[in-house]
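Given next are the chains, with one letter for each unit.
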Amino acid sequence: MELDAITTKIDLSEIYPFNVAGDSHPGLVREYNEDSFGYQVGEGSKRSFAAVADGIGGHECGDLASNLCMKMMLSAWRALRCKATIDETGAFSFLRDNLEKVNEIIFNINDTYNIQMGTTVVASVVLPKTVVVAHAGDSRMYRLRHGLLERITNDHSFVAELVRKKVITEAEASTHPFAHIISKSVGPAQALEPEIKAYDRMVADRFLLCTDGLTQHVKDIDIQKILNEAYDPQQAVKRLLNASLRGGGED
């Protein structure tokens, strides 16, 4: 009897659909879910896109703003992938140009209909050796490397600025009366300058994009523990969502 051996070469720098998972929940307080997420991962492509948006609490049509932002970014990414191979410079341009375009459209809707909708966003283009990240607001991106969690975005908020200036501590920020005030977002202002940076990527790195619906209820050290213990992205997302609900689930 002969046994035929079948081998498959897997490029570890490439992201496959089973490497990514996402979920969202309206929480235990609000009736509507103002968060949106999306990603585009295709076998045979070493370049992927993922993003999370959170409609600004207290503003009108926050769910519409986050959903519109996500749909426009995903549509732009799909169109770009059909036309060109994206490098780091191209990723910077894609994120900057399209977030500015989304901001312009939402701002014009606000102006036309006399409403005030807006959304935070964190969006990433994952390349073989680099991750390019753009964000506005307090939605975050984390990187887990060698078992240690690192926050690689800085919140655009009033209390985050106080923490950076060492006026208050991280612990004090979570209960500060102005913790909800965002200093940068998509839609309310006519112009938007998203913060965009590139970070190196190693084969075993894991990335988390999330809204404050997670981070206001689950500490970074607990997020790190969950990510380390989960055996795949789907389980990690499920455990993070459950931890947020157990922590209060306000958003």
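See the structure printed just above.
Residues numbered from 1 in each chain as written. Predicted model: local features only at pLDDT ≥ 70, side-chain atom pairs only at ≥ 80, totals over all residues. Heavy atoms only, no water.

K.L.:
What exactly am I supposed to notice about the sheet that holds strand 4 (residues 130-136) here?
P.N.:
By definition, the strands of a sheet pair up through backbone hydrogen bonds, in either a parallel or an antiparallel sense. The five strands are arranged 1-2-3-4-7 in an open sheet whose pairing can be described as antiparallel. Every other strand in the sheet has two partners, leaving strand 1 (35-40) and strand 7 (195-200) as the edge strands with one partner each. With strand direction ignored, the average angle separating the axes of adjacent strands in the sheet is 10°. Inspection of the sheet shows strand 4 paired to strand 7 by six bridges, in the antiparallel sense. The residue bridging Val132 from the neighbouring strand is Ala198, located in strand 7. (Pairing = 2+ DSSP bridges. Helix = DSSP H or I, 4+ residues; strand = E, 2+ residues; numbered from the N terminus. Axes fitted to C-alpha atoms, helices over the stretch in contact; angles between N-to-C directions.)

K.L.:
What's the story with the pairing of strand 5 (residues 140-145) in this structure? I'm lost.
P.N.:
Consecutive side chains of a regular strand alternate in pointing toward one face of the sheet and then the other. The element strand 5 is largely enclosed, with a buried count of six among its six residues. Along strand 5, one buried face is formed by Arg140, Tyr142 and Leu144 and the opposite face, lined by Met141, Arg143 and Arg145, is buried too. Pairing of strand 5 with strand 8 (residues 206-210), which is carried by five bridges, proceeds in the antiparallel orientation. For Arg140, the partnering residue across the bridge sits in strand 8 and is Cys210. Of the pairings in the sheet, the one linking strand 5 to strand 6 (residues 148-151) comprises four bridges and is antiparallel in character. The residue of strand 6 that forms the bridge with Leu144 is Leu149. Adjacent in sequence and paired antiparallel, strand 5 and strand 6 are bridged by two residues, among which His146 carries a positive phi angle near 55°. (Buried < 20%, exposed > 50% of the residue type's maximum accessible area, 1.4 Å probe, protein only.)

K.L.:
Would you take a moment to explain the sheet that holds strand 5 for this structure?
P.N.:
As summarised here, the arrangement of the three strands in space is 6-5-8, forming an open sheet in which the pairing is antiparallel. Bordering the open sheet on either side are strand 6 and strand 8, each of which pairs with just one other strand. Between one strand axis and the next, the sheet turns through 25° on average, direction left out of account. Sheet strands in contact with helix 6 (residues 220-229) are strand 5, strand 6 and strand 8, and its direction is about 130° off that of strand 6. (Contact = heavy atoms within 4.5 Å.)

K.L.:
I tried to follow helix 7 (residues 233-246) on my own but got confused; where do I start?
P.N.:
What sets the pattern is the α-helix's 3.6 residues per turn: residues three or four places apart point alike. Look at helix 7: 20 Å from first C-alpha to last across 14 residues, which is about the 20 Å you get at 1.5 Å a residue. Along helix 7, the residues that are buried comprise Gln235, Ala236, Leu240, Leu241, Ala243 and Ser244. Just downstream of helix 7 lies Gly248, where phi reads positive at about 140°. (Expected span 1.5 Å × (residues − 1).)

K.L.:
Sorry if this is basic, but what is going on with the nonpolar core here?
P.N.:
Nonpolar side chains tend to gather and get buried jointly when the protein is soluble and globular. Within the largest apolar cluster, 29 residues are counted, with the highest numbers of intra-cluster contacts made by Phe49, Met73, Phe94, Leu95 and Val125. Taken together, the elements giving at least two residues each to this core come down to strand 2 (48-55), helix 1 (62-83), helix 2 (88-113), strand 3 (119-126) and strand 4. Excluding residues within four positions of it along the chain, Leu95 makes contact with Phe49, Met73, Ala123, Val125, Val132, Val133, Ala134 and Ile196. (Core = buried A, V, L, I, M, F, W, Y, C linked by side-chain atoms within 4.5 Å.)

By themselves, these observations are geometric and do not establish any function.
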